[in-house]
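# Observations on chain architecture
One letter stands for each residue in the lines below.
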Amino acid sequence: MPPQDPQSAPANGIVHCAVPAPLFEALDYAKPTVVEGPLQPGTRVRVPLGRRSVIGVVLSTSQHSDHEDKLRTLTEILDTTPLIDDKLLALLQWAAHYYVYPLGEVVISGLSPRERRGEPPAPTGLAGIELNQRGKGLPEHALRRAPKQALCLRLLQKGPQSFETLEQAGVSRAVVRELIAKHLVMACDIKRPPSIQIKPHLPPTREQATAIAAINQTQRHFSCHLLHGITGSGKTEVYLQCIAHVVERGQQALVLVPEIGLTPQIIQRFEQRFGPVIAVLHSGLADSERDRHWAMARDGSAAIVIGTRSAVFAPLHNPGLIIVDEEHDASFQQQDGFRYSGRDTAVKRAQLLDCPIVLGSATPSLESWHNAVQGRYHLHTLKERAGSALEPSKSVIDIRGLDLHGGLSPTLVSAVKETLAQGQQALLFLNRRGFAPTLMCHDCGWVAGCIHCDARLTLHRKPPSLRCHHCNDRQGLPIKCPDCSSKRLVSEGMGTEQTELALQTLLPDTRIIRADSDSMTGRHAMTHLALELESGEPCVVLGTQLITKGHHFPKVTCVGVIDADSLLFSPDFRGEERLLQLLTQVAGRAGRATLPGRVFIQTRHAEHPIIKQVLERPYGELATQILETRLNAALPPSGALAVMRCDSRQLQQGMDFLASVVKSYQPQQCRLIGPLPAAMARRAGLFRCHLIIHGKQRSFVLQAARELAKRAVHSNSPQGLRWSMDIDPAESI
Ligand code: ADP
Ligand code: ZN
Ligand code: ZN
């Protein structure tokens, strides 16, 4: 359809569109008269916006607009059938409203990269060829002088053929090219026949069987299940068997996993059970792959869709079940731009779809735990390890006054040595990469700090440098103190590089593998590590948070937490919860297969309630205890929080802006705290401040957040200032 002059186009109805612009509302356009029939919601259209022409998504149509005098006309309709169905469109609109983020920028989350550019969805089948009109006109025994071409023609006379089948029949690409040159055939997309052949499952344990039966019983209706199973208890097996149930009756399952959990192993495990019917969606995919998998999810050629956070917005043909694995994981929370919780959005999606959802974890978030305790979620517990694995033994090492080598106490060192002597593997956890977190001058006390952030620089030896872990700035090592010119520069504290060095000295004949984000670069680094450990050679893995999730290391029998104290005393209200989760997850890495495991926690605070109890009491009891203190303080999961964040070139600018936004605003039933500078007030050259909205009831907090956003939109913000709303924030500091 040719572009039309917006003024002269006769309208035949109003189209409300989400457009890519920082607007909280839809924009109205006139539908040109040449378009007959209704325009369905979820269809992409091309519309004028300012001086640009952009891709919008139809949300609804009507006969009236509040802006009739200024209406412009949409210029093109891009789809004959909607790309976003009603339920996904409802989810996207809910998310934009709930998370107070511009509508058009949220709605495009339902489209693949090429669809956002206005191109048709990617083909999902096998690439192949079919006869065109001219080719169809050929007699049966044509092309006899070119036997390969004749063979190809005979095959095509039966119907379209994929390149794969043609090749198997002895027809090469060269032959196909000749037929294309003769204008007899054309490219086509051949739909794969659904090839779901579900392999037999493991006989479930009693606990697994109970969970599977309970989940399957609620199918076809919304219900939320919390699957709380200790590490190695067979949660994944429960997912697989519930998915089988759904897939067998022709429905799809959506599986969300944390960033680091989406490994080739997990995909392989699904493929082994279900065959090649899986669409995989994660941020590391090339756009073209993402396009194809997105389209496979939409047209149903994928029975199972596995992805990270943003896959919660993947289109689904006939969804029947949603699973969120490691639901407590922080990577489900988008931390910038459109800030949303993938887990919470998944629960909303299940509600809209009226299907069950399973949240699984060894260490459920207190939000989900609260819902389970309150009876809003069905709780299923797996207390025993599947197969023959045993529970590890655990002990605290009080390191006060001890001589440490690279942070390691004599007790931990001898435990590691024993483990190696028995031909087994050890895993040590230290949550700080680099050599040391601080470099200072021994004579005047100068500390190396980042010029862009309120943060210390970390000393790295490989290669020698000072690096900021907040803005990635990197500089060479100083040879003398910039303040007093002393050459006595000393490092303080412990990082993985330093402990690695100590281990190499203590255990000269042992393979030491450092696993942190400096050493584990590339998508397959984790897989290589897992494969290496699977070989069973005795070794020591020294790693950061990276090694606490996702992978199973079945031959590891000794686990050590080198410095639990670095995890204590967080200023955030979720600090204790995170500590409990981390310690439980690390401890869960020990003794997964038939070998019994041992866990050691080094601390100077052996009397700290969580450190003391994490070894003795089950996660659920401790979670309930922390939950109580939260509830008493009216902090989530009771009550609600929102944070209005602001980045600016000068701190005062941001503080003034937030102050002007809240000026003379009296929110109903909630408290405003701030404006305050953030805990790290300057990061990457920008000053950060925020305003906290806290209330006992979510609805009032949301109402205040929306009102403040509205005021911010209508106020004049200084150049370079950016604000955003963070609903149910992961961090409140
Ligand atoms: P989780 O996801 O809870 O960490 P997995 O599902 O990965 O646990 O199971 C841990 C190990 O136990 C895997 O090697 C798995 O094959 C095995 N397993 C799980 N369920 C069973 C079962 N019912 N019988 C035998 N082995 C099982
Ligand atoms: Zn000095
Ligand atoms: Zn920095």
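Reading the values: the criteria
- Residues numbered from 1 in each chain as written.
- Chains lettered and ligands numbered in written order.
- Predicted model: local features only at pLDDT ≥ 70, side-chain atom pairs only at ≥ 80, totals over all residues.
- Heavy atoms only, no water.
- Helix = DSSP H or I, 4+ residues; strand = E, 2+ residues; numbered from the N terminus.
- Rg over C-alpha atoms; globule rule 2.2 N^0.38 Å.
- Buried < 20%, exposed > 50% of the residue type's maximum accessible area, 1.4 Å probe, protein only.
- Contact = heavy atoms within 4.5 Å.
- Areas by Shrake-Rupley, 256 points an atom, 1.4 Å probe, with all protein chains shown as cover.
- Lys, Arg positive; Asp, Glu negative; His and termini not counted.
- Charge placed at Lys NZ, Arg CZ, Asp CG, Glu CD.
- Domains from an automatic or database assignment.
- Near = heavy atom within 4 Å.
- Polar contact = N/O pair within 3.5 Å; in protein donor to acceptor, adjacent residues only side chain to side chain.
- Phe/Tyr/Trp six-rings, centres within 6.5 Å; stacked < 30°, edge-to-face > 60°.
- Lys NZ or Arg CZ within 6 Å of the ring centre and 35° of its normal.
- Donors = N, O, S within 2.8 Å, 3.2 Å for Na, K, Ca; no water.
- Tetrahedral: all angles 85-135°; square planar, octahedral: opposite > 155°, others 65-115°.
- Pairing = 2+ DSSP bridges.
- Axes fitted to C-alpha atoms, helices over the stretch in contact; angles between N-to-C directions.
- Core = buried A, V, L, I, M, F, W, Y, C linked by side-chain atoms within 4.5 Å.
- Right-handed = clockwise from strand over helix to strand, strands pointing away.
- Expected span 1.5 Å × (residues − 1).

## So, the overall build of the chain
Along its length, the chain carries 21 helices and 31 strands. For the chain, whose C-alpha radius of gyration is 29 Å, the value lies close to the compact-globule estimate of 27 Å for 733 residues. A principal-axis box enclosing the C-alpha atoms of the chain has dimensions of 90 × 70 × 60 Å. Evaluated residue by residue, the chain yields a buried proportion of 53% over its 733 residues. Considering only intrachain contacts with a sequence separation of at least 6, the fraction spanning at least 24 residues in the chain is 75%. Total accessible area on the chain stands at roughly 33200 Å², and carbon and sulfur atoms take up 51% of it. The positive charge centre, built from 81 side chains, and the negative charge centre, built from 70, are 3 Å apart in the chain.

## Here's the deal with the domain arrangement of the chain
Here the chain is described as being made up of domain 1 (14-116), domain 2 (126-190), domain 3 (206-382), domain 4 (393-434 + 495-631) and domain 5 (640-727). For domain 2 and domain 5, the distance between their C-alpha centroids amounts to 64 Å.

## A look at the site of ligand 1
As a matter of local geometry, ligand 1 sits amid 17 residues, with Pro203, Gln208, Lys235, Thr236 and Arg269 nearest to it. Glu237 places a polar main-chain atom, nitrogen or oxygen, 3.3 Å from an oxygen atom of ligand 1. Here ligand 1, which alone exposes 560 Å², has 75% of that area covered by the protein. The element contributing the most residues to the shell around ligand 1 is helix α9 (residues 235-248), with three residues.

## Here we look at the packing of aromatic side chains
Across all of its chains, the model carries eight aromatic pairs by this definition. Three or more aromatic residues joined by ring pairs make a cluster, and in this case those are Trp94, Tyr98, Tyr99, Tyr101, Phe313, Phe338 and Tyr340. The positively charged end of Arg173 is found above the aromatic ring belonging to Phe163, 3.9 Å away from the centroid. Taking the ring centre of Phe435 as reference, the NZ or CZ of Arg461 above it sits at 3.9 Å.

## Quick look at unusual backbone geometry
Across the junction of Lys462 and Pro463, the peptide omega takes the value -10°, indicating a cis bond. Its location among the elements puts Pro463 in the loop between β20 (458-461) and β21 (464-467). A cis amide bond, omega 5°, links Gly674 with the succeeding residue Pro675. Among the structural elements, Pro675 can be located in strand β29 (residues 670-683). Even without being a glycine, Asn472 presents a positive backbone phi close to 65°.

## Quick word on the coordination of the zinc ion (ligand 2)
The protein atoms that coordinate the zinc ion (ligand 2) are Cys441 (SG), Cys444 (SG), Cys481 (SG) and Cys484 (SG), at distances spanning 2.2 to 2.4 Å. One can describe the site at the zinc ion (ligand 2) as tetrahedral: its four donor atoms subtend angles covering 105 to 112° at the metal. For Cys484, a relative accessible area of 35% puts it in the partly exposed group.

## Looking at the coordination of the zinc ion (ligand 3)
Taken together, the protein ligands of the zinc ion (ligand 3) are Cys450 (SG), Cys453 (SG), Cys468 (SG) and Cys471 (SG), with distances of 2.2 to 2.3 Å. Around the zinc ion (ligand 3), the four donor atoms are arranged such that angles at the metal cover 106 to 113°; this shape is classified as tetrahedral.

## What to know about the sheet that holds strand β31 (residues 722-727)
If you trace the four strands from one edge of the open sheet to the other, you get β29-β30-β28-β31, paired in antiparallel fashion. Strands at the two margins of the open sheet, each flanked by one partner only, are β29 and β31. When strand polarity is set aside, the average angle formed by the axes of neighbouring strands in this sheet is 20°. As judged from the nine bridges shared by strand β28 (residues 640-648) and strand β30 (residues 686-695), these two strands associate in the antiparallel manner. Across the sheet, residue Ala642 finds its bridge partner in β30, namely Ile693. Those strands touched by helix α20 (residues 651-662) are β28, β29, β30 and β31, and its axis lies near 25° from that of β30. Of the strands in this sheet, β28, β29, β30 and β31 are in contact with helix α21 (residues 698-714), which crosses β31 at around 170°.

## So, the nonpolar core
Ranked by size, the top nonpolar core spans 114 residues in total, and within it Val107, Ile357, Leu529, Phe553, Leu708 and Ile727 carry the most contacts. Tallying contributions element by element places α21 first for this core, with eight residues. Once residues lying within four places of it in the same chain are set aside, the contact partners of Leu708 are Met644, Val661, Val662, Tyr665, Leu672, Leu691, Ile693 and Met725. Counting 30 residues, the second largest nonpolar core, distinct from the first, contains Ala211, Tyr239, Leu240 and Val280.

## Concerning the sheet that holds strand β26 (residues 556-561)
An order of β17-β27-β26-β18-β25-β24 is seen for the six strands of this open sheet, with the pairing classed as parallel. Both edges of this open sheet fall to β17 (393-398) and β24 (511-515), since each of them pairs with a single strand only. Averaged over all pairs of adjacent strands, the angle between their axes in this sheet comes to 15°, without regard to strand direction. The pairing of β26 with strand β27 (residues 598-603) spans four bridges and is classified as parallel. Across the sheet, the residue bridging to Val559 is Val599, located in β27. The strands that helix α14 (residues 410-421) touches are β17, β18 (425-429), β25 (539-543), β26 and β27; relative to β27, the one it contacts most, it runs at about 160°. Lying over the sheet, helix α17 (residues 575-587) contacts β18, β26 and β27, oriented at roughly 150° with respect to β26.

## Some remarks on the pairing of β25
Two faces, one strand: in a regular strand the side chains alternate between the faces of the sheet. Taken across its five residues, β25 has five buried, putting it largely inside the fold. Where burial is concerned, the two faces of β25 agree: the one with Cys539, Val541 and Gly543 and the one with Val540 and Leu542 are both buried. Where β18 lies against β25, four bridges are found, and the strand directions are parallel. The residue of β25 that forms the bridge with Ala426 is Val540. Note: β24 against β25, five bridges, orientation parallel. Residue Ile512 lies in a different strand from β25, and its bridge partner there is Val540. In the classification by handedness, the crossover that spans β24, the intervening helix α16 (residues 525-534) and the parallel β25 is right-handed.

## Brief notes about α17
Compared with the 18 Å implied by 1.5 Å per residue over 13 residues, the 18 Å span of α17 between its first and last C-alpha is a close match. Counting buried positions along α17 yields 10 of 13 residues, so the element is predominantly enclosed. Every buried residue of α17 is accounted for by Gly575, Glu577, Leu579, Leu580, Gln581, Leu582, Leu583, Gln585, Val586 and Ala587.

## What about helix α1 (residues 86-98)?
Under the 1.5 Å per step criterion, the end-to-end length of α1 is 18 Å for 13 residues, consistent within 8% with the ideal 18 Å. What α1 keeps buried is the set Leu88, Leu89, Leu91, Leu92, Ala95, Ala96 and Tyr98. Of the surrounding elements, those touching the buried residues of α1 are β4 (52-62), α2 (103-107), α12 (342-353), α21 and β31. Of the residues one or two after α1, Val100 is the one with positive phi, at around 50°.

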